[in-house]
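For reference, the chains in residue letters:
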Amino acid sequence: MPKQATKITLSEKEREGLTKIITRHKSEQRLVLRANIVLHAAQGHSNIQIARDVQSNVDTVRLWRDRWFGLQGVDLDTLSIEDRLTDIPRPGKPSSITEVQRCQMATLACEAPEVAGRQGNRI
């Protein structure tokens, strides 16, 4: 017998915050997806139905439903809605390349070889 999906209950403030993320034009799409998952879960939909509705994987739906459930007792002043929908830090060595170096590499890659004093391979 399949396990019952975790029940999500939203306060009015949480519901408004999630809706704001979804309707804001500058929201990152991963946050929009996660907010949609939580809103659908609060409506009592199954993980399979949510995955179909938001065109995502059932495992992704289960992850964000369970993660939101685990944070339900935390006050919004302590942890904002966007923070709740953000990835947790991953293990591993932090990048040794700074943001400035990353921008310099992108600039170098996008300019013509002659501008940078290199010979280009012309075909």
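Residues numbered from 1 in each chain as written. Predicted model: local features only at pLDDT ≥ 70, side-chain atom pairs only at ≥ 80, totals over all residues. Heavy atoms only, no water.

This part takes up the overall build of the chain. Helix and strand content of the chain: six helices and zero strands. In terms of C-alpha radius of gyration, the chain reaches 21 Å, well past the compact-globule figure of 14 Å for 123 residues. Dimensions along the principal axes, computed over C-alpha positions, put the chain at roughly 65 × 35 × 30 Å. Taking all 123 residues of the chain together, the buried fraction comes to 24%. (Helix = DSSP H or I, 4+ residues; strand = E, 2+ residues; numbered from the N terminus. Rg over C-alpha atoms; globule rule 2.2 N^0.38 Å. Buried < 20%, exposed > 50% of the residue type's maximum accessible area, 1.4 Å probe, protein only.)

With that settled, consider the pattern of salt bridges. Pairing between side chains of opposite charge can happen when the charged atoms of each approach one another. Using the criterion set out here, one finds six salt bridges in the structure. Here E28 and R30 are joined by a salt bridge, their closest N and O atoms 2.7 Å apart. Judged by its relative accessible area of 41%, E28 is partly exposed. Between E99 and R102 there is a salt bridge whose closest N-O contact spans 3.8 Å. (Salt bridge = Lys/Arg side-chain N within 4 Å of Asp/Glu carboxyl O.)

Considering only enclosed or pocket space, the largest pocket measures out at about 180 Å³ in volume. Forming the boundary of the largest pocket are 11 residues, of which K3, Q4, A5, N47 and R62 lie nearest the centre. Those elements that place two or more of their residues in the lining of the largest pocket are α3 (47-54) and α4 (58-70). The biggest single contributor to the lining of the largest pocket is α4, with three residues. Residues belonging to the lining of the largest pocket are distributed by class as follows: three nonpolar, four polar and four charged. (1 Å grid on protein atoms, 1.4 Å probe; cavity = no way out; pocket = protein on both sides within 12 Å on 5 of 7 lines; lining within 4 Å. Points joined across faces, edges and corners; volume = space filled by probe spheres on them. Nonpolar A, V, L, I, M, F, W, Y, C, P; charged D, E, K, R; others polar.)

In the contact formed by α3 and α4, the axes pass within 8 Å of each other and the chain directions differ by 110 degrees. One element, α3, and the other, α4, form an angle in the roughly perpendicular class. Pair α3 / α4 crosses with right-handed handedness. Residues N47, I48, I50 and A51 of α3 pack against V58, V61, R62 and R65 of α4. Tallied by class, residues from the contact of α3 with α4 come to five nonpolar, one polar and two charged. (Axes fitted to C-alpha atoms, helices over the stretch in contact; angles between N-to-C directions. Parallel < 35°, antiparallel > 145°, perpendicular 65-115°, else oblique. Left-handed = near helix turned anticlockwise from the far one by under 90°. Contact = heavy atoms within 4.5 Å.)

A few words on the packing of helix α1 (residues 12-23) against helix α2 (residues 29-42). Relative to each other, α1 and α2 sit at 140 degrees, their axes nearing to 9 Å. Of the possible angle classes, the one that applies to α1 and α2 is oblique. Crossing of α1 over α2 shows left-handed handedness. Note on element contacts: α2 touches α1 through L31, V32, A35, N36, V38, L39 and A42, opposite R15, L18, T19, I21 and I22. Tallied by class, residues from the contact of α1 with α2 come to nine nonpolar, two polar and one charged.

By themselves these figures say nothing about function.
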